Amino acid sequence: MISAKLASKFLKPPVFLICLLPILLIITDAYEFMGSLGANPIENIQDRLGNWGLRFLLISLAITPIRKITGQIWVMNFRRMLGLFAFFYVLMHFLTWLILEQSIFLPAIIEDIITRPFITIGFLALFILFIMACTSTNNIRKKLRERWHTIHRLVYGSSVLAVWHYWWQVKKDITEPLIYAVILSALLLYRVWSKYRSHKN
């Protein structure tokens, strides 16, 4: 079994670099080194950043079930990093919309957030992730104590909002958001089942 110390020392650096690959590929595609951003580059960037934000969010949620099922405690070392990468990609997704699509034109931004439901719930998901990112340090965790756990359980609500945001955004082919919805449902059901089993025992 890999120890937590060995995982932090030898596995975290390569995992960190792997987590950066999606945005590096976007940059290389923007300069057409290895690919291109297609006919609508802004939409391409937004979609890719949003998808990766959601993927990292679901991967971070899967860490605890993986630890419980496999007994490999060292995987917990990656949960915070993966969660922060989820926030990073969702934030970049939002900033792409804010800067490249809306040109930081405040009236249009406020109108979109208020009148377009999928943007409203996407913004709420980002806000929750922002709170969690701000309270992710060990020092803040110690200060907040039990309240920290309450705050970080909001990740499930944020995940539901993120999948919902994607589902509403897609106009025709819902295959990909449906896959994310099924994965999230499985993770939520596992959490409920695990909690029920622990209370029963």
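Because the structure is a prediction, the values reported are computed rather than measured.

Turning our eyes to something else, we now look at the nonpolar core. Judged by nonpolar contacts, the single largest core of 48 residues is most densely connected at Leu-54, Phe-56, Leu-58 and Trp-97. Residue assignment for this core shows that the elements contributing at least two residues are helix H1 (4-30), helix H2 (41-70), helix H3 (79-101), helix H4 (106-115), helix H5 (117-134), helix H8 (154-169) and helix H9 (175-200). Considering every element that reaches this core, the biggest residue donor is H3, with 10 residues. Apart from residues no more than four positions distant in its own chain, Leu-58 is found in contact with Tyr-180, Ile-183, Leu-184 and Leu-187.

Below, the discussion takes up a nonpolar patch on the surface. Residues Ile-18, Leu-21, Leu-24, Leu-25, Ile-27, Tyr-31, Phe-33 and Met-34 make up a contiguous nonpolar surface patch of about 900 Å² in total accessible area. Along the polypeptide, Met-34 turns up in the loop between H1 and H2. Note on Met-34: relative accessible area 66%, which makes it exposed.

So, about the pattern of salt bridges. Summed over the entire model, instances satisfying the criterion amount to 3 salt bridges. Ionic pairing is found between Asp-29 and Arg-48, a salt bridge with its closest N-O pair at 2.9 Å. In this pair, Asp-29 is assigned in helix H1 and Arg-48 in helix H2, connecting sequence segments 19 residues apart. Look at Asp-29 and you get buried, because its relative accessible area is 11%.

Under the defined criterion, the tally for this structure stands at 15 aromatic pairs. Consider the rings of Trp-74 and Phe-78, whose centres lie 6.0 Å apart with planes at 80°: the pair is edge-to-face. Of the two residues, Trp-74 and Phe-78, neither departs from the other in class, the shared state being buried. Judged by centre distance (4.9 Å) and plane angle (65°), the ring pair of Trp-164 and Trp-168 falls under edge-to-face. Note that Trp-164 and Trp-168 are positioned in helix H8 at a spacing of 4 residues, about one turn of the helix. A residue is classified by how much of its surface remains accessible, and Trp-164, at 39% relative accessible area, is partly exposed.

Mapped onto the fold, Gln-102 is located in the loop between H3 and H4. Here the side chain of Gln-102 touches Asp-112 through a polar contact of 2.8 Å, side chain to side chain. Sequence-distant contacts of Gln-102, that is, excluding residues within four places in its chain, are made with Trp-97, Ala-108, Ile-109 and Asp-112.

The terminal C-alpha atoms of H5 lie 26 Å apart, and with 18 residues this matches the ideal 26 Å at 1.5 Å per residue to within 8%. Taken together, the buried positions of H5 are occupied by Phe-118, Ile-119, Ile-121, Gly-122, Ala-125, Leu-126, Ile-128, Leu-129, Met-132 and Ala-133. On its buried face, H5 sits against H2, H3, H4, helix H7 (146-152) and H8.

So, about H3. For H3, with 23 residues, the first-to-last C-alpha span of 32 Å sits near the 33 Å given by 1.5 Å per residue. Within H3 the residues assigned to the buried category are Met-81, Leu-82, Phe-85, Ala-86, Phe-87, Tyr-89, Val-90, His-93, Phe-94, Thr-96, Trp-97 and Leu-98. The first or second residue beyond H3 is Ser-103, which carries a positive phi of 55°.

Next up on the list: a positive patch on the surface. Where like charges cluster on the molecular surface, the positive patch consists of Lys-68, Arg-153, Arg-191, Lys-195 and Arg-197. Take the positive patch: its biggest share by element is 3 residues, from H9. Here Arg-197 shows up in helix H9. The class of Arg-197 is partly exposed, set by a relative accessible area of 39%.

Before going further, it helps to examine the side chain of Asn-51. Looking at the secondary structure, you find Asn-51 in helix H2. At a separation of 3.4 Å, a polar atom in the side chain of Asn-51 contacts the side chain of Tyr-166. Each residue touching Asn-51, except ones within four places of it in the same chain, is listed here: Tyr-166, Glu-176 and Tyr-180.

What counts, and at which threshold
- Residues numbered from 1 in each chain as written.
- Predicted model: local features only at pLDDT ≥ 70, side-chain atom pairs only at ≥ 80, totals over all residues.
- Heavy atoms only, no water.
- Core = buried A, V, L, I, M, F, W, Y, C linked by side-chain atoms within 4.5 Å.
- Buried < 20%, exposed > 50% of the residue type's maximum accessible area, 1.4 Å probe, protein only.
- Helix = DSSP H or I, 4+ residues; strand = E, 2+ residues; numbered from the N terminus.
- Contact = heavy atoms within 4.5 Å.
- Patch = residues over 30% accessible without salt bridge, like charges linked within 9 Å, V, L, I, M, F, W, Y side chains within 5 Å.
- Areas by Shrake-Rupley, 256 points an atom, 1.4 Å probe, with all protein chains shown as cover.
- Salt bridge = Lys/Arg side-chain N within 4 Å of Asp/Glu carboxyl O.
- Phe/Tyr/Trp six-rings, centres within 6.5 Å; stacked < 30°, edge-to-face > 60°.
- Polar contact = N/O pair within 3.5 Å; in protein donor to acceptor, adjacent residues only side chain to side chain.
- Expected span 1.5 Å × (residues − 1).
- Lys, Arg positive; Asp, Glu negative; His and termini not counted.
- Charge placed at Lys NZ, Arg CZ, Asp CG, Glu CD.

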